Amino acid sequence: MSDTAAHPGAGAIGDAVHRVTDHSLTRDHISLAQDWVASNYSPLPVVIAHAEGAWVTDVEGRRYLDALAGYSALNFGHLHPTLVAAARSQLERLTLTSRAFHSDRLGPFCRDLAVLAGKDLVLPMNTGAEAVETAIKTARRWGYEVKGVPDGRARIIVLAGNFHGRTTTIISFSDDPLAREHYGPYTPGFDLVPFGDIDALEAAVTDETVAVLLEPIQGEAGVIVPPQGWLRDVRELTRRRNVLMVADEIQSGLGRTGTTFACDLEGVVPDIYVLGKALGGGIVPVSAVVADRGVLGVFTPGSHGSTFGGNPLAAAVGQAVVGLLVTGEYQQRARSMGVLLESGLRELLGHGVDAVRCRGLWAGVDIDPQLMTGREASQRLLERGVLVKDTHGSTIRLAPPLVVEEAEVEILLAALGDLLRA
Ligand SMILES: *Cc1c(COP(=O)(O)O)cnc(C)c1O
């Protein structure tokens, strides 16, 4: 309340009276956010105050099934007991050293993550975008120092519809006008080719190409799955042309698709994994680049860094996340619940749903644009107690936490069916 009163644009007495009599906590919080938070998002009108597992509770005590799971940052659900325990015990011991010194958490985390990915080395960062930037720097340095590309000439091939984060370099090679507009001048050195078209990709490779940076399944674009065999073709092409295959598995990885990595669905091993989101267990931002020594070995002291990257708290949580993944239990659950989700969604085809793309517990659902936009669908699902987010146009993305039970998948499907019938 005192915050509101301090803001010149709000806090009139009438406003306070209105709030007390209205009892609308949701409205209060939303108007506070509208007054004080920059508008780079347009959140749905729900104010979350608590969460556990696959469920969140708003400030009025209403419960919702979380079928977005923080864009897959919450693959293990909210407040997973193992992850919370790891964070809590680390909080009471050591939280930050900076990389100027060793900590007793970083080595164990990086070892376990490297082993999970079948690679030699890990470079820990914080956010996904930082990990993508790190992968870009890795590829360029590898190009100059290992492949022998003349300095300053390296090119990286990226895919139409990509989403790799929000830094100025990353949005430079986005083809989404919303993400790019008025942020120039843009970083050069990227070539954009259609997603899923191996001939176009092959035609774009030159002697100066150092990497192909791709999402094995494009999340933000609407869970777009490439044609069968494309990833394997990219692997073969990049190997043949001495180009690094860089898989941004920030959203697709760590169990979401029913496998540890989405690349596993095609038996493909990229040169570089870029990881984030779920690696932080929904608790702290943790990201990483994972690759063999012949690639990540290009870094020397001082050539790259991060104040917080690999901090003991992040490492403790990240190691606990890897501990959950090595059992295979979550991948298995994503597969079995994913089968239910997919078959339920397929039943809606032709009944207000135009297309369904499903891998594990991850689905892009194209609602008939005549009926409603994705935003409207998300809004109506919210009213039915289910949280999702639209991607583009009339597509919604479903990515419930991998801890969901059969009954919860049914709730999600029932809510969707109900809103399409209404
Ligand atoms: C979310 C995401 C990113 C960016 O991660 P941030 O933590 O938001 O910087 C990069 N790539 C993909 C595929 C993502 O889904």
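Quick caveat: nothing in here was measured; it's all calculated off a predicted structure.

Asker: For the overall build of the protein, give the residues involved together with the corresponding values.
Answerer: Looking only at helices and strands, one finds 16 helices and 15 strands in the protein. Taken against the 2.2 N^0.38 rule, which gives 22 Å for 422 residues, the C-alpha radius of gyration of the protein at 22 Å falls within 12% of a compact globule. Structurally, the protein occupies a C-alpha span of about 70 × 55 × 45 Å along its principal axes. Looking at the protein as a whole, 54% of its 422 residues are labelled buried. Within the protein, residue pairs in contact and separated by at least 24 positions form 72% of the contacts whose partners lie at least 6 positions apart. Carbon together with sulfur atoms contributes 54% to the accessible area of the protein, which is approximately 18,800 Å² in total. The centroid of the 37 positive side-chain charges in the protein is displaced by 4 Å from the centroid of its 50 negative side-chain charges.

Asker: Kindly report on the domain arrangement of the protein, identifying the contributing residues and their values.
Answerer: Its domain assignment divides the protein into domain 1 (4-72 + 329-421) and domain 2 (81-326). If you average the C-alpha positions of domain 1 and of domain 2, the two centres end up 28 Å apart. Carbon and sulfur atoms make up 56% of the surface buried where domain 1 meets domain 2, a total of about 1,900 Å² over both sides. When the buried area of domain 1 at its contact with domain 2 is split by residue, Q331, R359 and W362 rank highest and sum to 37% of it.

Asker: I'd like to hear about the sheet that holds strand β14 (residues 389-390), residue by residue, with values.
Answerer: Pairing between sheet strands relies on hydrogen bonds along the backbone, with the strands arranged either parallel or antiparallel. Spatial ordering of the open sheet is given by β11-β12-β15-β14, a layout of 4 strands whose pairing is antiparallel. Looking along the sheet, the strands with just one partner apiece sit at the ends: β11 (353-359) and β14. Note that strand β12 (residues 362-367) and strand β15 (residues 395-398) share 4 bridges and pair antiparallel. Within the sheet, the bridge partner assigned to G364 lies in β15 and is R397. Sitting on the sheet, helix α15 (residues 374-383) is in contact with β12, β14 and β15, with an inclination near 45° to β15.

Asker: Give a description of the side chain of E266 that names residues and reports values.
Answerer: Note that E266 resides in the loop between β8 (244-248) and β9 (272-275). A relative accessible area of 12% means that E266 is categorised as buried. Setting aside anything within four residues of it in sequence, one finds E266 in contact with P227, Q228, G229, W230, L231 and R232.

Asker: Explain the site of the ligand to me, and be specific about the residues and the numbers.
Answerer: Close to the ligand lie T127, G128, A129, F163, H164, G165, E215, D248, I250, Q251 and K277, which account for all nearby residues. Here a nitrogen atom of the ligand and a backbone polar atom of F163 are 3.4 Å apart. Across the complex, the protein chains shield 81% of the 380 Å² of accessible surface that the ligand would expose by itself. Here the residues of the shell around the ligand sort into 3 nonpolar, 5 polar and 3 charged.

Asker: Give a detailed account of the pattern of salt bridges, specifying residues and quantitative values.
Answerer: A complete count under the given rule lists 15 salt bridges for this structure. Note that D58 and R62 form a salt bridge whose closest N and O atoms lie 3.0 Å from each other. Accessibility expressed as a relative area gives 2% for D58, which makes it buried. For R62, a relative accessible area of 43% corresponds to the partly exposed category. Across the pair D271 and R235 runs a salt bridge whose closest N-O atoms are separated by 2.8 Å.

Conventions and cut-offs
- Residues numbered from 1 in each chain as written.
- Predicted model: local features only at pLDDT ≥ 70, side-chain atom pairs only at ≥ 80, totals over all residues.
- Heavy atoms only, no water.
- Helix = DSSP H or I, 4+ residues; strand = E, 2+ residues; numbered from the N terminus.
- Rg over C-alpha atoms; globule rule 2.2 N^0.38 Å.
- Buried < 20%, exposed > 50% of the residue type's maximum accessible area, 1.4 Å probe, protein only.
- Contact = heavy atoms within 4.5 Å.
- Areas by Shrake-Rupley, 256 points an atom, 1.4 Å probe, with all protein chains shown as cover.
- Lys, Arg positive; Asp, Glu negative; His and termini not counted.
- Charge placed at Lys NZ, Arg CZ, Asp CG, Glu CD.
- Domains from an automatic or database assignment.
- Buried area = accessible area lost by both parts, 1.4 Å probe.
- Pairing = 2+ DSSP bridges.
- Axes fitted to C-alpha atoms, helices over the stretch in contact; angles between N-to-C directions.
- Near = heavy atom within 4 Å.
- Polar contact = N/O pair within 3.5 Å; in protein donor to acceptor, adjacent residues only side chain to side chain.
- Nonpolar A, V, L, I, M, F, W, Y, C, P; charged D, E, K, R; others polar.
- Salt bridge = Lys/Arg side-chain N within 4 Å of Asp/Glu carboxyl O.

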